[in-house]
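Architecture and fold: a report
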Amino acid sequence: MTIAEDPATTNPGYKWVGTRPIRPDGFEKVTGRAKFGADLYLPGMLHGAVLRSPHAHAKILSIDTSEAEAMAGVKSVITGDDFPPAMGKEKDMASNTIARDKVLYEGHVVAAVAATSRAQARAALDAIKVTYEVLPHVLTVDQAMAAGAPVLHDGMLTKGSEPAATEPSNVASRVIYQGGDLDKGFAEADVVVEHEFTTKPVHQGYIEPHAAVADTTPDGRSTVWCSSQGHFAMRTYSAQVLGWDSGRIRVIPAEIGGGFGGKTVIYLEPLAIKLSQKAGRPVKIVMSRDEVFRATGPTSGSRMTAKIGATKDGKITAADVHLWFEAGAYAGSPVGAAAMCCLAPYKVENFTIEGFDVVVNKPRVAAYRAPGAPISGFAVESVMDEIAKSIGMDPIEFRLANVVEEGDTATYGPKFPRIGYKETLEAIKNHPNYQEPLGPNQGRGIAVGFWFNAGMNSSATVNVNEDGTVNVLTGSPDIGGSRASMALMAAEELGVDVARISPNVADTATVGFNDVTGGSRTTLATGGAVVNACRMIIEDLRGRAAKQWDVAADQVEWVDGQAQMVDGSQPPLSLADIAKGWARTGGPIAASASLNARGVGAGFSTQMCDLEVDPETGVVTIVRYTTAQDAGRAIHPSYVEGQFQGGVAQGIGWALNEEYVHNADGVMENAGFLDYRMPVASDLPMIDTVIVEVPNPGHPYGVRGVGEVGIVPPLAAVANAVDSATGKRICHLPLSPIRILDALLEG
Amino acid sequence: MSTKTHVTCIINGDETDFLTEDGESLLNALRDEVGLTGAKEGCGTGDCGACSIIMNGDLTASCLVFAPEAQCSTIVTVEGLADGDHLHPLQQCFLEGAALQCGVCTPGFLVASKVLLDRNPNPDDTEIRYALAGNLCRCTGYDKIVRAVKEAAVQLRENGKVQA
Amino acid sequence: MTFNPGGLPVKYFSPSTIEEAVELLSSGPNRRVFAGATDVVPQMRSGRPAPDGLIDLKGIERLISVTDTGSMWVIGAAAPTVRLTSNPAFVASFPGLAEASGLIGSDQVQSRSSLGGNLCNSSPAADSVPALFANRARAVIASGAGTRTIAVQDVPTGPGRTSLAPGEFIIEFEIDRPTTNSGDAYFRLTPRTEMDIAVVGAGARVDLDGAGTISSATLALGAVAPTVVRVPDAEAALLGAALTNGAPSDDVLAAVAAAASAACNPIDDKRGTIKYRRHVAGVLARRSILAAIARASAA
Ligand SMILES: Cc1cc2nc3c(=O)[nH]c(=O)nc-3n(C[C@H](O)[C@H](O)[C@H](O)COP(=O)(O)OP(=O)(O)OC[C@H]3O[C@@H](n4cnc5c(N)ncnc54)[C@H](O)[C@@H]3O)c2cc1C
Ligand code: FES
Ligand code: FES
């Protein structure tokens, strides 16, 4: 346990934690001042632009950049040859950043230019001559695994296959989780339901396209401004792709306009750094939306089978789940996490969960909010709904009959500590919305979701200013109000007004290492580092007061932002008092803390979707949506609700309309918001939230990550509601009007 | 050598001029030449509303406008909503209602909401949702945005000062 | 396929008279008129060959005015559609056309998008076009040879193609004011409520005679064929139909739906399948005819 433990965990008598102050960075963001990735301009800055492959799979025979280089205003041109060979552990990342001998998807980077104007950069791209030898491509797991399929990576042998693989294939790896005896379990079942499911790749859909500005000196030191979910990661990855020492790169975080996992990876930074180095001037590269769709994100498309057996009184006896996930062009789909999460909400003795990571000629998948879990959850939760229906049990009661609780062993191994899963089911059961009558053509769907949440590494520095105000520095980009949470926790610890705390996201040169803002970890882990640093400050302050009063430190306690003698024999000293006199007590007051967070609390969510289906056209209208999720402790409840609502909205989009559409040549056909169809405001109702607070024993305030699990249930909740409205079980996403009408017309 | 066009217009109440390529978008001109980076490019093709401005009184996607079209026009951007250090009620309500997460869509939503409330001081939820359908937000699920706009409408009605 | 924004090497012109525009259009090899540019900009960005001269029609007063002459409405081809949807008198005259125009994009697009652009971009899915067909609108066309007037229906000839000759552009649309009780309506099917392109669109116009029977009906479908199409068989089925409880008989409605489905010559594409489009064309045809009848009856 690296985060300090506190008996206060179960005591909600906080002064600041749980309040809803205006976030410190809010004013900049409502007045247009906040600087996002594309908003930085440097003197002499050049415009960068990227040449991408028009083919889904091809050998690069030659690249002739001479004409482009000779053009007026073109200051540098780079290709894969400007980087060290892609090899070792970082081989895939390096060749995804810029292709070497082969392009593996439409949109794969082939070259980049920097020029004095956008127009000139664009013209220079047209002047680069690339000769390709087009290769046959594969777009789905089935195509990729078919006999005789073209193999994307020559030496790729399936890891974890039994028996060991000897022939290269497109299956990168196999994972398996097993327990008990499947045959016995299914034999005990009164009902067995099995379905095959498919889902399409979907994009994180952040509104801000990727952007990076680099200013590199000729001797190879670079300052980079970019919007990412982790500027330390951007530094590390850039250094790896360039073959540089990390210390040569300083990354300054811009505000980030959404990431949802998709900005934990590098795309532009090494290109900008290299272009700038060759040109001797700063270079900015901003992706277009088209590039964002074709070359970043998405998460996996999949094929799955799920078979679950249960007794007629609602006990699950066995579950057999098989998952095939598209990884995109390089190994690394979230199939492992998907396998671990899908049965985690249930006590099930006899089970097999098998997953395959399959490469295809599409963009390399990136993390997307609870990566993998929504996909496998769609399959399992759809089958759970069918079973509840066939044994005539309420879907919430059916889940309550199989619920995991503290002390139960998860299907993926560990024992659950205290969790608030059952409480989320009960919150929905007791919600007035659960009693709302349904109209004609309306249906109600229930689904649950699980996500581990992450811990990882964080650092924080707390500097007390000379007037007793406090600067908190962390290295975790603020995506959805984390500055506010950091300030609230520091205020709570130090006992000072939250208005006297300035939380800052500091760059890689000015604060200790922080992993990415992802895995719902920031409030937990970076917050833990802030709490620890504050506690070090308090130790220091008590010592200084003791010195001033000439007593032992244990005679001094820190209460309500003041040092007090235990016996009350001295007038208390406030933080400001001690700061004012710091020259006499040892100089400025500062502390830094770093940790590897361990006490991660798992997240559970139960959701209910009410919708209406137009029986003549298959169009779905969401009429009501209710979500209950365990937050452990809501530090800033508004932003917790916001996380719940945002996850639900993305999940609804995934369920109903979002998908990557590729043509037979492997070219994406809907690389824009008009045809990708994310939900707009008029597509959604209010999203009713219930914050369940079952404190996480591993965090000083009981925090659990809240960012991700909310996107796990909607896919199945929507599908289950469509089934409830129409009597049609649809196992393929998206549930577009076309698909629903097809099912209705089947009769 | 390409020749540039000289454009003079009123931006947020001030006479402003800039040079631009004819084919450049007004969004790029505002950002690159005028230095107003509040309007964002989320798509460049009219689909997301992040670049929303008010041009001659109409809500407009500045990415769809050629920069020379701004000649003699009157433009309001998100930078022009506050009155000095006095936030517009919409800005205040977005802050208080946590109607922004990452905040990149926020300038567009504020501008679009202002146009809505100027036209319809008392919109219902559905009217708000349809009026803001041209603005994509991927973070919030729109719930808190709709509430913030409603709250701002109440405040503006109470203050009786729907600004021009 | 393009990947980078900005940097479009074109020249911008802003004529203030029709004559000037005609002159500009013919004085360069690759010149194009535009109104809102809401089709032009996305197309230029998607790497389609860009014109080298763009002629902005919005500086010409006649092209942006919307007037009621008493016998007809005259709508400037470049008038932003918000000028139609926010004009109560126009909305009262042609609620269906107003609705169809109001479906184009968002408010941010509506301040730019024009009927001239919607028609001349010649997408089969253009929302205002079925409603223009249904109301038998006429287009007044300018060129070096003067002006000519043709039925709007004769303008689109295929996806992205029109019957306009090089050097021609549309000045305005004329739509006769109805002389009897009449109503129009437009329905479209999109997966999202807003910001979406029609998978199927249906525009209808119904005129009733003094006895309350249908004296004329027009039905046009969008997104189901290479251009917007009229459905003569449905119109014939409706002609002379009597109304009971404000609706024609179920047989007539079934005939309308069947004729609409049969009139489809759709393709499978990223937005819809042939099967889906055929089915929904029938559904929307019926809905739009019923809505038009309801309006005509209330008129
Ligand atoms: C985000 C977004 C959403 C959209 N949603 C919809 C929708 O829901 N429904 C829909 O139908 N459309 C939609 N569109 C497409 C577009 O907005 C409409 O087609 C619009 O009506 C085009 O008008 P415009 O004035 O902008 O055309 P422009 O882009 O200016 O011109 C389009 C074409 O017509 C030609 N042209 C323009 N005016 C004339 C004229 N007077 N004479 C001859 N040729 C002319 C131009 O040369 C060009 O080829 C959408 C576009 C965007 C960006
Ligand atoms: S950037 Fe203009 S609408 Fe998206
Ligand atoms: S707050 Fe992030 S897109 Fe709206």
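1. Overview of the packing of aromatic side chains
Residue and element names in this part refer to chain A. Within this structure, the stated rule accounts for 22 aromatic pairs over all chains. On the numbers, 5.1 Å between centres and 90° between planes, the contact of Tyr 14 with Tyr 701 is edge-to-face. On the criterion of sequence distance, the pair formed by Tyr 14 in the segment before α1 (26-30) and Tyr 701 in the loop between β26 (687-692) and α20 (714-726) is long-range, its members being 687 residues apart. Look at Tyr 14 and you get buried, because its relative accessible area is 15%. Of the residues examined, Tyr 701 reaches a relative accessible area of 3% and is grouped as buried. Ring pairing ties together the aromatic residues Tyr 412, Phe 416, Tyr 421, Phe 450, Trp 451, Phe 452 and Phe 604, which thus form one cluster. Its end group placed over the ring of Trp 244, Arg 248 keeps NZ or CZ at 4.2 Å from the ring centre. In this structure, Arg 303 is placed above the aromatic ring of Trp 324, and the distance from its NZ or CZ to the ring centre is 4.6 Å.

2. Quick notes on unusual backbone geometry
A cis amide bond links Glu162(A) with the next residue in sequence, Pro163(A), at an omega value of -10°. Relative to the elements of secondary structure, Pro163(A) occurs in the loop between α5 (141-145) and β7 (171-179). Between Leu733(A) and the following residue, Pro734(A), the backbone shows a cis peptide bond with an omega angle of -5°. Within the secondary structure, Pro734(A) is located in the loop between α20 and α21 (737-745). Of note, Ala98(B) is a non-glycine position whose phi angle comes to about 50°, a positive value. Judged by its relative accessible area of 4%, Ala98(B) is buried. At Ser122(C), a residue that is not glycine, the phi angle is positive and equals roughly 55°. Relative to the elements of secondary structure, Ser122(C) occurs in the loop between α8 (115-120) and α9 (128-134). Residue Ser122(C) is classed as buried on the basis of its relative accessible area of 4%.

3. Focus: the packing of helix α3 (residues 106-119) of chain B against helix α5 (residues 143-159) of chain B
Geometry of a packed helix pair, given as the angle between the helix axes and the separation of the axes. All names here are of chain B. Where α3 meets α5, the axes come as close as 11 Å, and the angle between the chain directions of the two elements is 45°. By the criterion of interaxial angle, the relationship of α3 to α5 is oblique. Of the two elements, α3 crosses α5, and the hand of that crossing is right-handed. Of α5, the residues touching α3 (which contributes Phe 109, Ser 113, Leu 116 and Leu 117) are Ile 145, Val 149, Ala 152, Ala 153 and Leu 156. A per-class count over the contact of α3 with α5 returns eight nonpolar, one polar and no charged.

4. A short note on the sheet that holds strand β2 (residues 58-64) of chain A
For sheets, the rule is that strands pair by backbone hydrogen bonds, running either parallel or antiparallel. All names here are of chain A. Read across the sheet, three strands follow the order β4-β2-β6 without closing on themselves; strand pairing throughout is antiparallel. Each edge of the open sheet is held by one strand with a lone partner, namely β4 (102-103) and β6 (129-134). Relative to β6, β2 is paired through six bridges, and the arrangement is antiparallel. Paired with Lys 59 across the two strands is Glu 133, which belongs to β6.

5. Some points on the environment of Asn657(A)
Structurally, the position occupied by Asn657(A) is in the loop between α18 (637-656) and α19 (673-676). Spatially, the C-alpha atoms of Asn657(A) and Ala164(A) are 40 Å apart, while their sequence positions differ by 493 residues.

6. Describing the domain arrangement of chain B
Residues and elements named next belong to chain B. Entries for chain B in the domain assignment read domain 1 (5-80) and domain 2 (89-158). When each unit is reduced to the centre of its C-alpha atoms, the spacing between domain 1 and domain 2 is 21 Å. With twelve residues of domain 1 at the interface, the matching set in domain 2 holds twelve residues. Summing both sides of the interface, domain 1 and domain 2 together bury roughly 950 Å²; the carbon and sulfur share of this comes to 71%. Together, Ile 54, Leu 59 and Val 78 form the three largest contributors to the area buried by domain 1 at its contact with domain 2, with a combined 43%. The tally of links from domain 1 across to domain 2 stands at zero salt bridges. Per-element accounting of the side of domain 1 that touches domain 2 gives the leading share, three residues, to strand β3 (residues 52-55). Across the side of domain 1 that touches domain 2, the residue classes tally to six nonpolar, four polar and two charged.

7. Brief notes about the site of ligand 1
Taken together, 37 residues lie around ligand 1, and Val33(C), Thr38(C), Asp39(C), Ser114(C) and Asp127(C) are the ones closest in. Each of chains A, B and C places residues next to ligand 1. One of the backbone N or O atoms of Gly36(C) is found 2.8 Å from an oxygen atom in ligand 1. In the environment of ligand 1, an oxygen atom lies 2.8 Å from a nitrogen or oxygen atom belonging to the side chain of Asn118(C). Coverage of ligand 1 by the protein amounts to 95% of the 980 Å² it exposes when considered alone. Elements represented by at least two residues in the shell around ligand 1 include exactly β2 (31-34), α8 and β10 (169-176) of chain C. If you tally residues by element for the shell around ligand 1, the top one is α8(C), at four residues.

8. Points about the pairing of β10(C)
Residue and element names in this part refer to chain C. Most of β10 sits out of view: seven of its eight residues are buried. For strand β5 (residues 72-76) and β10, the ladder comprises five bridges, and the chain directions are antiparallel. Its bridge partner being in β10, Ile 75 is matched across the sheet by Phe 173. Pairing between strand β6 (residues 138-143) and β10: five bridges, direction antiparallel. Among the inter-strand pairings, Ile 141 is bridged to a residue of β10, identified as Ile 170.

9. Some words on the interface of chain C and chain B
Opposite the 30 residues of chain C that make contact, chain B presents 31 residues. Roughly 2,200 Å² of surface becomes buried between chain C and chain B when both sides are summed, with 55% attributable to carbon and sulfur atoms. At the junction of chain C with chain B, the criterion picks out six salt bridges. On inspection of chain C and its partner chain B, the count reaches twelve residue pairs in polar contact (both at pLDDT 80 or more). Going through the elements one at a time, β1 (11-13), α2 (40-45), β3 (53-56) and α7 (107-110) of chain C are the ones with two or more residues in the side of chain C that touches chain B. Per element, the largest residue contribution to the side of chain C that touches chain B is five residues, and it comes from α2(C). For the side of chain C that touches chain B, the residue count by class is 13 nonpolar, eight polar and nine charged.

Reading guide: rules and limits
- Residues numbered from 1 in each chain as written.
- Chains lettered and ligands numbered in written order.
- Predicted model: local features only at pLDDT ≥ 70, side-chain atom pairs only at ≥ 80, totals over all residues.
- Heavy atoms only, no water.
- Phe/Tyr/Trp six-rings, centres within 6.5 Å; stacked < 30°, edge-to-face > 60°.
- Helix = DSSP H or I, 4+ residues; strand = E, 2+ residues; numbered from the N terminus.
- Buried < 20%, exposed > 50% of the residue type's maximum accessible area, 1.4 Å probe, protein only.
- Lys NZ or Arg CZ within 6 Å of the ring centre and 35° of its normal.
- Axes fitted to C-alpha atoms, helices over the stretch in contact; angles between N-to-C directions.
- Parallel < 35°, antiparallel > 145°, perpendicular 65-115°, else oblique.
- Left-handed = near helix turned anticlockwise from the far one by under 90°.
- Contact = heavy atoms within 4.5 Å.
- Nonpolar A, V, L, I, M, F, W, Y, C, P; charged D, E, K, R; others polar.
- Pairing = 2+ DSSP bridges.
- Domains from an automatic or database assignment.
- Buried area = accessible area lost by both parts, 1.4 Å probe.
- Salt bridge = Lys/Arg side-chain N within 4 Å of Asp/Glu carboxyl O.
- Near = heavy atom within 4 Å.
- Polar contact = N/O pair within 3.5 Å; in protein donor to acceptor, adjacent residues only side chain to side chain.
- Areas by Shrake-Rupley, 256 points an atom, 1.4 Å probe, with all protein chains shown as cover.

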